[in-house]
2 protein chains.
Amino acid sequence: MAVVSVKQALSGKLDAGSTVTVRGWVRTRRDSKAGLSFVNVTDGSCFDPIQAVVPATLANYDSEVKHLTAGAGVIVSGTLVASQGKGQTFELQAYEVTVTGFVDDPETYPIQPKQHTMEFLREVAHLRPRTNLFGAVTRVRHTMMTAIHRHLTEQGFFWINTPIITTSDAEGAGDMFRLSTLDLANLPRDDKGKIDFRKDFFGREAFLTVSGQLNVEAYALAMSKVYTFGPTFRAENSNTPRHLAEFWMVEPEIAFADLADDADCAEAFLKAIFKAVLDERPDDMAFFAERVQPDAISRMEAFIAKPFERIDYTDAIAILQKSGQKFEYPVAWGIDLQTEHERYLAEKHIGRPVVVMNYPEAIKAFYMRLNDDEKTVAAMDVLAPGIGEIIGGSQREERLDYLDRRMVQFGLDPAAYGWYR
Amino acid sequence: MAVVSVKQALSGKLDAGSTVTVRGWVRTRRDSKAGLSFVNVTDGSCFDPIQAVVPATLANYDSEVKHLTAGAGVIVSGTLVASQGKGQTFELQAYEVTVTGFVDDPETYPIQPKQHTMEFLREVAHLRPRTNLFGAVTRVRHTMMTAIHRHLTEQGFFWINTPIITTSDAEGAGDMFRLSTLDLANLPRDDKGKIDFRKDFFGREAFLTVSGQLNVEAYALAMSKVYTFGPTFRAENSNTPRHLAEFWMVEPEIAFADLADDADCAEAFLKAIFKAVLDERPDDMAFFAERVQPDAISRMEAFIAKPFERIDYTDAIAILQKSGQKFEYPVAWGIDLQTEHERYLAEKHIGRPVVVMNYPEAIKAFYMRLNDDEKTVAAMDVLAPGIGEIIGGSQREERLDYLDRRMVQFGLDPAAYGWYR
């Protein structure tokens with residue numbers, strides 16, 4: 001007998017009348033007066049559970065099946081039949097139900113078939129993958145990850161693991177986590193009474209890097225198209241939904257590319273990912289649209305339907321100033337755009353994603369290429385409706401004299417970047 | 001005119017006579033008395049460079065082309081023609097060569113067209129991606145990564161990001177890096193004079209986790225088949241080629257699986273990856289076989305040709321004891337196998353990969369399922385010729401009373417693992 005996933009059982013690819021075994025966890029049980037029970041079983045392979053119709057004639061019907069509650073582990077063997085129930089294709093006429101685990105106390109089991117708050121689910125992080133919401137998020141994240149690697153591979157990119165542990169703190173020491181194996185209660189001291197990092201694991205101070213970009217640029221100058229895709233750590237004490245101490249980030253680098261190539265790369269990247277999610281996860285996206293965000297699907301469809309708009313930062317500022325909108329943060333040439341400005345541009349003015357290009361040099365990083373006006377750099381941000389900035393990038397400065405000047409301007413010591421220059 | 005990668009130019013998929021542009025870095029330049037130069041250009045897209053045949057009639061021939069040295073950046077446009085040279089399919093009859101960057105001092109440029117030692121390349125880490133060796137390693141790593149995600153996705157697994165920063169040090173504190181934003185020179189103290197971790201970033205002590213396994217098991221009990229694939233950090237002070245402070249690891253977890261399922265999963269996983277490397281990177285593998293390890297290809301072919309052998313740990317010990325081999329570490333039931341034992345079993349005794357199963361319970365982790373003999377656990381290691389252990393796994397203990405007993409036996413406090421139990 002074939003063990004199949006719930007996804008396979010519901011797919012329509014197995015003939016009605018096949019005998020199969022599914023394994024998973026009970027979501028609900030309903031007993032009928034007709035002498036049978038309907039047990040919904042989920043295994044995470046897709047959004048929908050499968051309904052097992054369990055007859056009272058099974059030997060363990062009274063002793064076990066009638067005690068099944070949400071979260072119990074079961075192995076159900078049965079015959080796949082077309083379902084008469086609304087909204088599902090197949091159900092399972094069970095002839096054997098094995099219980100692999102009951103829930104200790106069904107009264108206090110945290111994950112019930114109802115909506116839970118995010119705050120509550122945070123307290124039961126080990127069980128929240130069993131909710132519809134976290135199941136759907138997990139499947140969509142997986143699809144996005146595979147789409148990222150697949151798209152970049154098709155475009156000729158190579159994935160690079162840049163080092164996460166670094167002994168250089170020059171990139172922005174304030175935001176980095178220090179890494180150490182020293183005993184804090186008993187720190188080694190040198191003969192001047194200072195902490196002796198020669199005794200630490202790496203023989204000197206070590207940190208978690210905030211970006212692999214500079215490292216992966218070295219690979220771009222050998223492999224032409226490369227990217228990092230790994231965890232990033234920031235010790236920023238910002239309690240917003242957009243700041244995390246630990247998150248995953250993708251950083252592509254392309255040799256011989258200018259700002260327009262960079263914007264093309266960003267646009268194709270986002271569209272490939274969103275298209276994959278719409279194609280591969282319609283069940284999960286339908287759930288999001290129904291329960292979380294009504295325009296979850298239509299917004300992504302609009303995202304991939306048309307070319308992104310492209311405008312200059314200077315024009316964006318003029319648009320904002322003429323908009324008549326009241327912004328919390330005042331608008332003037334030279335400011336870094338706030339989320340309210342970004343969303344106005346993408347949502348109200350353009351009505352679809354927009355790439356803003358050529359930002360003032362003073363608000364952008366030292367490695368971005370100075371434009372001929374010497375006031376702006378070849379930087380771009382992709383702004384998306386409902387989100388604001390979703391990708392940031394730039395053409396890198398390739399002229400050594402400009403690069404050195406910009407390093408000094410930003411308080412960095414070119415000598416410490418010998419390998420990068 | 002189409003910009004193409006060197007891989008595309010050499011692939012045979014473009015018609016001879018096409019005009020194309022390639023961009024990359026000079027590997028070698030040879031001037032002919034016939035009034036032209038042969039410039040080998042590589043862009044990292046494949047192992048081989050493309051040969052550009054540059055006529056002396058170009059305007060910048062004397063001023064620039066004749067000064068090209070290894071590492072210089074160039075953009076070459078020309079006509080693709082079948083090559084008369086040995087070992088290459090196509091070459092480029094150049095009609096335009098743009099130099100994007102010369103090497104400052106060709107005499108001291110570290111990456112020359114010759115073999116460098118690994119120790120030397122470590123000192124020029126930013127330039128070593130330009131060597132044949134690191135280029136080939138980068139492409140093979142990329143192929144392995146894509147094969148890992150593709151294979152597991154096809155098998156119905158979901159990729160999970162388990163947290164890397166943890167506030168629990170119970171899994172093996174000695175081997176973990178501590179993470180902190182406290183000023184070490186001025187540590188905050190509580191009223192008892194102890195370090196006040198309430199002032200630290202997370203409000204308590206934090207570490208880099210050594211494994212996402214326990215966390216991802218919680219996901220397996222909702223999604224059925226899951227895996228982590230991310231960086232792992234170990235503060236082990238072991239200077240061997242098999243110990244790293246930072247490395248990437250794959251950790252699959254399957255619900256409703258026993259030890260045989262686990263071994264099946266490991267075997268299919270390794271074979272899928274090695275098959276992808278042989279299929280997709282023949283040029284790089286040929287280089288490894290020629291320059292690094294003569295059996296690089298034949299060993300991988302043998303790896304995927306036959307089913308892995310499976311033997312019991314107890315039988316493996318008997319085989320080693322009867323072998324007549326002299327081992328550095330003496331063999332007796334109860335020992336953890338050393339690399340010399342593992343390689344003898346795989347290379348000499350079996351002659352192909354072998355899965356050793358059911359290890360003594362005292363040398364394996366608390367979460368592994370105790371067998372009925374109460375002396376062994378349902379653990380397995382995959383041993384490979386030339387390597388030794390390449391995968392370790394186990395059936396997890398599902399019986400709460402056994403799990404609690406094993407935790408206490410290993411000095412762990414079950415109360416600290418409430419969420420895992």
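Small disclaimer: the values here were computed from a predicted structure and weren't measured.

Re the interface of chain A and chain B
- Taken residue by residue, the interface counts 69 residues in chain A and 69 residues in chain B.
- Across the chain A to chain B interface the summed buried area is about 5,800 Å²; carbon plus sulfur atoms make up 70%.
- For the chain A face of the interface with chain B, the top three residues by lost area are A:Trp159, A:Leu184 and A:Phe256, together amounting to 13%.
- Scanning the region where chain A abuts chain B turns up zero salt bridges.
- The tally of links from chain A across to chain B stands at 20 residue pairs in polar contact (both at pLDDT 80 or more).
- At the level of secondary structure, the elements contributing two or more residues to the side of chain A that touches chain B comprise β2 (19-32), β5 (73-82), α3 (132-154), β7 (158-159), β9 (178-180), α4 (213-223), β11 (225-233) and β12 (246-254) of chain A.
- Tallying contributions element by element places α3(A) first for the side of chain A that touches chain B, with 10 residues.
- Across the side of chain A that touches chain B, the residue classes break down as 41 nonpolar, 18 polar and 10 charged.

Comments concerning the sheet that holds strand β14 (residues 354-360) of chain B
Residues and elements named next belong to chain B.
- Strand order in the open sheet formed by four strands is β13-β14-β15-β16, with mixed pairing between adjacent strands. What marks the edges here is a single partner per strand, and that holds for β13 (309-312) and β16 (388-394). Ignoring strand direction, the axes of neighbouring strands in this sheet form an average angle of 25°.
- Pairing of β13 with β14 involves four bridges; the strand directions are parallel. Residue pairing in the sheet places Glu309 in a bridge with Val354 of β14.

Some thoughts on the nonpolar core
- A:Met380, A:Val382, B:Met380 and B:Val382 are the most contacted members of the largest nonpolar core, which has 72 residues in total.
- Counting residues in hydrophobic clusters, the runner-up holds 30 residues, among them B:Leu320, B:Val331, B:Leu337 and B:Tyr402.

Digging into helix α6 (residues 282-291) of chain A
Residues and elements named next belong to chain A.
- Those residues of α6 that fall on the buried side of the exposure criterion are Asp284, Met285, Phe287 and Phe288. One side of α6 carries all its buried residues, which in axial view fall inside an arc of 155°.
- Packing partners of the buried residues in α6 comprise α3, α5 (259-280) and α7 (296-305).

Re the relation of the copies chain A and chain B
- Its rotation angle being 180°, the transformation that places chain A on chain B also includes 0.0 Å of axial translation and leaves an RMSD of 0.0 Å. Considering both components of the superposition, the chain copies are consistent with a two-fold axis. Rotation axis and chain A: the residue whose C-alpha lies nearest the axis is A:Leu179, separated from it by 2.5 Å.
- Most of the interface of chain A is mirrored in chain B, where 100% of its interface residues again form contacts.

Structural notes on the environment of A:Phe303
Residues and elements named next belong to chain A.
- Secondary-structure assignment places Phe303 in helix α7.
- Once the C-alpha coordinates of Phe303 and Ala384 are considered, the two residues, 81 residues apart in sequence, prove to be 8.2 Å apart.
- Residue contacts for Phe303: discarding those within four places in its chain leaves Leu270, Lys271, Phe274, Phe308, Pro353 and Ala384.

Quick look at the pairing of strand β2 (residues 19-32) of chain B
Residues and elements named next belong to chain B.
- Both strand β1 (residues 2-3) and β2 contribute to a ladder of two bridges, which runs parallel. Paired with Val3 across the two strands is Thr21, which belongs to β2.
- With seven bridges joining them, β2 and strand β3 (residues 36-42) adopt antiparallel strand pairing. Following the sheet pairing, Arg30 is matched in β3 by Phe38.
- Here β2 hands over to β3 after three residues, with Gly35 in that stretch at a positive phi of 90°.

Some details on the pattern of salt bridges
- Summed over all chains, the structure comprises 42 salt bridges over all chains.
- A:Arg343 serves as the salt-bridge partner of A:Glu347, at 2.6 Å between the closest nitrogen and oxygen. One end of the pair, A:Glu347, and the other, A:Arg343, are both in helix α9 (residues 339-350), four residues apart, so they sit about a helical turn from each other.
- The exposure class assigned to A:Arg343 is partly exposed, which follows from its relative accessible area of 33%.
- The shortest N-O distance in the salt bridge between B:Arg291 and B:Glu290 comes to 3.7 Å.
- What you see here is one network of salt bridges that share partners, running through A:Asp264, A:Glu267, A:Lys271 and A:Arg310.

Observations concerning the sheet that holds strand β12 (residues 246-254) of chain B
Residues and elements named next belong to chain B.
- The three strands lie next to each other as β7-β11-β12, forming an open sheet whose pairing is mixed. Of all the strands in the sheet, just β7 (158-159) and β12 have a single pairing partner and so form its edges.
- The pairing of strand β11 (residues 225-233) with β12 spans nine bridges and is antiparallel. Pairing of Tyr227 across the sheet is with Pro252, part of β12.
- Sheet strands touched by helix α4 (residues 213-223): β7, β11 and β12. Its angle to β11, the strand with the most contacts, is close to 165°.

A short note on the domain arrangement of chain A
Residues and elements named next belong to chain A.
- On domain assignment, one finds that chain A holds domain 1 (2-101), domain 2 (131-305) and domain 3 (307-420).
- Each of domain 1 and domain 2 has a C-alpha centre, and the two are 40 Å apart.
- Facing six residues of domain 1, the contacting portion of domain 2 comprises seven residues.
- The interface formed by domain 1 and domain 2 holds zero salt bridges in total.
- The tally of links between domain 1 and domain 2 comes to four residue pairs in polar contact (both at pLDDT 80 or more).
- For the side of domain 1 that touches domain 2, the class distribution of residues is two nonpolar, two polar and two charged.

What counts and what doesn't
- Residues numbered from 1 in each chain as written.
- Chains lettered and ligands numbered in written order.
- Predicted model: local features only at pLDDT ≥ 70, side-chain atom pairs only at ≥ 80, totals over all residues.
- Heavy atoms only, no water.
- Contact = heavy atoms within 4.5 Å.
- Buried area = accessible area lost by both parts, 1.4 Å probe.
- Salt bridge = Lys/Arg side-chain N within 4 Å of Asp/Glu carboxyl O.
- Polar contact = N/O pair within 3.5 Å; in protein donor to acceptor, adjacent residues only side chain to side chain.
- Helix = DSSP H or I, 4+ residues; strand = E, 2+ residues; numbered from the N terminus.
- Nonpolar A, V, L, I, M, F, W, Y, C, P; charged D, E, K, R; others polar.
- Pairing = 2+ DSSP bridges.
- Axes fitted to C-alpha atoms, helices over the stretch in contact; angles between N-to-C directions.
- Core = buried A, V, L, I, M, F, W, Y, C linked by side-chain atoms within 4.5 Å.
- Buried < 20%, exposed > 50% of the residue type's maximum accessible area, 1.4 Å probe, protein only.
- Arc of directions from axis to C-beta.
- Least-squares fit on C-alpha atoms with pLDDT ≥ 70 in both.
- Domains from an automatic or database assignment.

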